[in-house]
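The chain contents come next:
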Amino acid sequence: MTYLQHVKAMKRWLPAEPGIANPELSRELTEKFLQPKLPEIEAFLLEMRRLVDADISKRSPQKYGKPYPLSQCLEISKAVQTLIETLDANRLSGPVLAGCLALRRFLAAGGEMRRVWGDLRGSYFQNAFQVGTLYIDVANDTVVPTKPKVEILPFEQAGLSALKDYSHFAKIAERYWEVTAWPNHVFPEIAPFFPLLLETQGGGFELRDAGGYMMGLNIGRVFKPAEAYLSKAALPEDVRERAARDLISLAEKLPKSSTTGRREALSALQRYRSKRLHMDPGAQKRLVERGLAANQSFQTTAKHRKTNPAPMVKLNKTTMNVLFIHQNFPGQFKHLAPALAARGHRVVALTMQKVKETRWQGVELVPYAVTQGSTPGAHPWVVDFETKIIRAEGAFRACLKLKEHGFEPDAIIAHPGWGESLFLKEVWPQAKLGVFCEFFYLAEGADTDFDPEFPVEDVAGNNCRLRLKNLNNYMHFDVADAAIAPTTWQASTFPEPFRSKITVVHDGIDTDAIQPNPKVQLKLRRNGADLPLTLSRKDEVITFVNRNLEPMRGCHIFLRALPKLLKERPNAQVVIVGGDGVSYGAKPTVEKNGAASWKDVFIDEVRGHISDEDWARVHFVGQVPYANFVSLLQLSTVHVYWTYPFVLSWSLIEAMSAGAAIVASDTAPLREVIEHDENGLLVDFFSVDSLVQSVCSLLDDPEQRARLGAAARATAIARYDLKTVCLPKQLSWVEALRRNP
């Protein structure tokens, strides 16, 4: 078949539609020009990225508030394509030149290099190139910055698929951009071209999608994709009202209700179809320009709202004023507070942090300060309580000022652990107070005296200290209207009758953002410097994660397992995440050989039993950026999680979401999540030998690892998924709090 015959035989492709337009010719030219030079082509593309990075990172250091290269996939792809076509090859040499020439010879012979866009592995939108039978992504690091800049795969293995319709677009947009997608029943005249209304977590809006592929799909099917999406249930009335307010500057005649908007949008669609607007580029252009003007109005209004926040008053019967209190906001409220703001509620957060911005994802930030420090020489049993009273007064004074400015919260949601919410009912007696119940201190049955290696020296005195430490909890019992706790076990530490006020809802994990990634790679770093090691799923990697390495989280047990573990697994790399401080327990005593941290204490204990060669496979990487942390969980062969009976770490559920095979301590918080040999392995907390045996058995059994990892992820999705389970329950809890008599 000739090239002309190939062209005639090709289907009509939509702009940027994923796929190989001419499979036979593409395969022939790929094998001849590209396959023999793949390393050189990658070197050439990396050089193009170096040039592009130097330019775009200066011109556009941020997008959507994210640092370069995040979210700049399209910009990078277009810039690289321009360089490929225009760069003077005489400036190149070596493998870079060879890669450039191979690619240009391929194109000169009739090969196709086409920008494609679509759904990448069900997780996000991706711009890439179809080059012959290859998938080439020159912006592979724009979602997870630790990934390689360039990825080259056989196209059929890349996982890039065409979007089927606007529901498919909405699903990916909600996952990738963290927005809520609604049918456009706000602006009916342009709805056939912009059928989606996207609502950001900060309460802003954008009409979508008149981009090349989606426009081609919609026009090519005579508006049927738009019709299907616009036929969904009417837009919630409060969302329509807020979006319509943001479009006032356009002087457009907009519907007075969502039901009317839905009817008018479908009517406009039928009218455009009968007038054959799908065949009229001029009319399409005019309507698209009206949509772009609407988006400009949305953006302008959002900027104005950020710099000129509206008075803090009740908006209507369906909206609330909500006050969050957390010394290190957002803390456990990082999803709930923005979600409430996105629903149109006015959300204010009180924090001890010094804030540069006055708004964060639609939440107004109000810092507060304390007027004094703890009293020198005070009785040690009351120091903790005095600290809480000092913070409580600081928050109380700040709230009095808020009240002077007209702010009246319907609901106050607080983490009471630092005492900040103790006196807020004195400011607003009618407001409903919901508290986050993290932990109630117990003399028996929890962390205290759990580990015989670190006994409580003054048992009776310590019990008195714990009673005083719980004074803050008891004082909140008197004023709180409702409470929420992340796990049943943590809720169970609280006494009745307050225990009955606690609703159990986990903080939630984004299981879409944290999922298995067989292609993950990670270059290890320590103290900001690269280590000479890049890990992938092909490596045998054992991971252990703490915020800080301390006995409360089992670091002593894990480090004592290293001598035997390293001998048993000569190819294993052990990656240990965590700082040198303490988060919960006591610092090491001076008697511990003068060591500055618990990590040093236990390294000193085990180092003499580990050869230098084996020790080189142990990597203490400190506290790592979140993207690196996720990559580490994704490449983990076996993940070890150990804890006293105490607060359950997010990192366990995150590891489960990543599909990791988990070995965990057989302690009360873990039994709530891990069922032995179903979605992980449970091991006696104090048994170093059992820990080693369980890790080694999993390393020897890939089928068991796969089974446990898949079950762990299924548990994370079913019980702890942020968007489908936890956040909806949290929002319902807030609504119930408002209605609490």
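Keep in mind it's a predicted model, so treat the numbers as computed, not measured.

K.L.:
Honestly, the layout of surface pockets in this entry has me stumped. Any pointers?
P.N.:
To locate leftover empty space, one rolls a probe as large as a water molecule over the atoms. Looking at the second largest pocket, its volume works out to about 710 Å³. For the second largest pocket, the lining is made up of 28 residues, of which V179, T180, A339, K723 and L727 are closest to its centre. Sorting the residues of the lining of the second largest pocket by element identifies helix 6 (166–177), strand 8 (180–183), helix 9 (237–245), helix 12 (336–342) and helix 26 (722–739) as the ones contributing at least two each. The greatest single-element share of the lining of the second largest pocket, amounting to six residues, is contributed by helix 26. Class assignment for the residues of the lining of the second largest pocket results in ten nonpolar, six polar and twelve charged.

K.L.:
So what exactly am I meant to see when it comes to helix 10 (residues 258–274) here?
P.N.:
Count 3.6 residues to each turn of an α-helix, and residues three or four apart come out pointing the same way. Over its 17 residues, helix 10 extends 24 Å from the first C-alpha to the last, a length consistent with the 24 Å expected when each residue adds 1.5 Å. Directly after helix 10, the chain includes R276, whose backbone phi takes a positive value near 60 degrees.

K.L.:
Explain unusual backbone geometry here, please?
P.N.:
Residues apart from glycine generally show negative phi values, whereas peptide bonds are mostly found in trans. A cis geometry characterises the amide bond from Y68 onward to P69, with omega recorded as 10 degrees. Along the chain, P69 turns up in the loop between strand 2 (66–67) and helix 4 (73–86). Even without being glycine, F223 reaches a positive phi, approximately 70 degrees. Judged by its relative accessible area of 0%, F223 falls in the buried class. Non-glycine residue D449 carries a positive phi angle of around 60 degrees. Considering the arrangement of structural elements, one finds D449 in the loop between strand 16 (432–436) and helix 15 (459–469).

K.L.:
What is the right way to read the pattern of salt bridges from this model?
P.N.:
Any two side chains of opposite charge can pair, given that their charged atoms come close. A complete count under the given rule lists 33 salt bridges for this structure. Linking E199 and R242 is a salt bridge whose minimum nitrogen-to-oxygen distance equals 2.8 Å. Here E199, found in strand 9 (residues 196–199), pairs with R242, found in helix 9; they are 43 residues apart in sequence, far enough to count as distant. Assessed through its relative accessible area of 3%, E199 is described here as buried.

K.L.:
Before we go on, may I ask you to explain the sheet that holds strand 6 (residues 151–154) in this structure?
P.N.:
Strand-to-strand pairing in sheets goes through backbone hydrogen bonds, with the strands running parallel or antiparallel. A sheet is described by the order of its strands in space; here five strands give the open sequence 6-5-4-3-7, paired in antiparallel fashion. Since the sheet does not close on itself, it has two edges, and those belong to strand 6 and strand 7 (160–161), each with one partner. Two strands pair when backbone bridges link them, and strand 3 (residues 113–120) and strand 7 are joined in this way by two bridges, in the antiparallel orientation. From the neighbouring strand, L120 faces strand 7, where its bridge partner is L160.

K.L.:
Could you clarify how one ought to interpret the environment of E85 in this entry?
P.N.:
By secondary structure assignment, the location of E85 is in helix 4. The exposure class of E85 is exposed, given its relative accessible area of 57%. Taking C-alpha positions, E85 is 56 Å from Y368, a pair spaced 283 residues apart along the chain.

Conventions used here
- Residues numbered from 1 in each chain as written.
- Predicted model: local features only at pLDDT ≥ 70, side-chain atom pairs only at ≥ 80, totals over all residues.
- Heavy atoms only, no water.
- 1 Å grid on protein atoms, 1.4 Å probe; cavity = no way out; pocket = protein on both sides within 12 Å on 5 of 7 lines; lining within 4 Å.
- Points joined across faces, edges and corners; volume = space filled by probe spheres on them.
- Helix = DSSP H or I, 4+ residues; strand = E, 2+ residues; numbered from the N terminus.
- Nonpolar A, V, L, I, M, F, W, Y, C, P; charged D, E, K, R; others polar.
- Expected span 1.5 Å × (residues − 1).
- Buried < 20%, exposed > 50% of the residue type's maximum accessible area, 1.4 Å probe, protein only.
- Salt bridge = Lys/Arg side-chain N within 4 Å of Asp/Glu carboxyl O.
- Pairing = 2+ DSSP bridges.

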